[in-house]
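Residues per chain are reported as follows:
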Amino acid sequence: MQKLPRIFKPILWAYDFEKCDPEKMKKTIIIQALSYGTLNHWNWIRSFYGDTEITNILSSVPVTEIRSKTRVLIETIFNFNDWNYAPRGSK
């Protein structure tokens, strides 16, 4: 099993870090890195998962899972603007 770099421990505070599998937890790791990580986290997920996988994950999660302060930076760095906005009611 591939191990995550120790720099991820602070942003995966709710998980048993020693059991974090980068493949099985890719969605969680990507979302946490983009929302709470530093440029080092962003560089690691980009080199490990690649831009296509990151943008696929971003397209699949509700926009509210990403901190609003980082959305513009994500749009710029990943050339991404396919946010998943939940519909408001349909009455």
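Our structure's up above, just so we're on the same page.
Figured I'd write up the structure that's included with this text. (Residues numbered from 1 in each chain as written. Predicted model: local features only at pLDDT ≥ 70, side-chain atom pairs only at ≥ 80, totals over all residues. Heavy atoms only, no water.)

Observations concerning the overall build of the chain
Part 1 of the argument: Each helix and strand in the chain was counted, giving four helices and zero strands.
Part 2 of the argument: Beginning at the N terminus, the succession of helices and strands in the chain can be written as α-α-α-α.
Part 3 of the argument: Judged by the C-alpha coordinates and their principal axes, the chain covers about 45 × 30 × 20 Å.
Part 4 of the argument: Expressed as a percentage of its 91 residues, the buried residues of the chain come to 37%.
Part 5 of the argument: Of the contacts formed within the chain by residues at least 6 apart in sequence, a portion of 44% connects residues at least 24 apart.
Part 6 of the argument: Summed over its atoms, the accessible surface of the chain is roughly 6,000 Å², and 50% of this surface lies on carbon and sulfur atoms.
Part 7 of the argument: Averaging the coordinates of the 13 positive side-chain charges in the chain and doing the same for the 9 negative ones gives two points 7 Å apart. (Helix = DSSP H or I, 4+ residues; strand = E, 2+ residues; numbered from the N terminus. Buried < 20%, exposed > 50% of the residue type's maximum accessible area, 1.4 Å probe, protein only. Contact = heavy atoms within 4.5 Å. Areas by Shrake-Rupley, 256 points an atom, 1.4 Å probe, with all protein chains shown as cover. Lys, Arg positive; Asp, Glu negative; His and termini not counted. Charge placed at Lys NZ, Arg CZ, Asp CG, Glu CD.)

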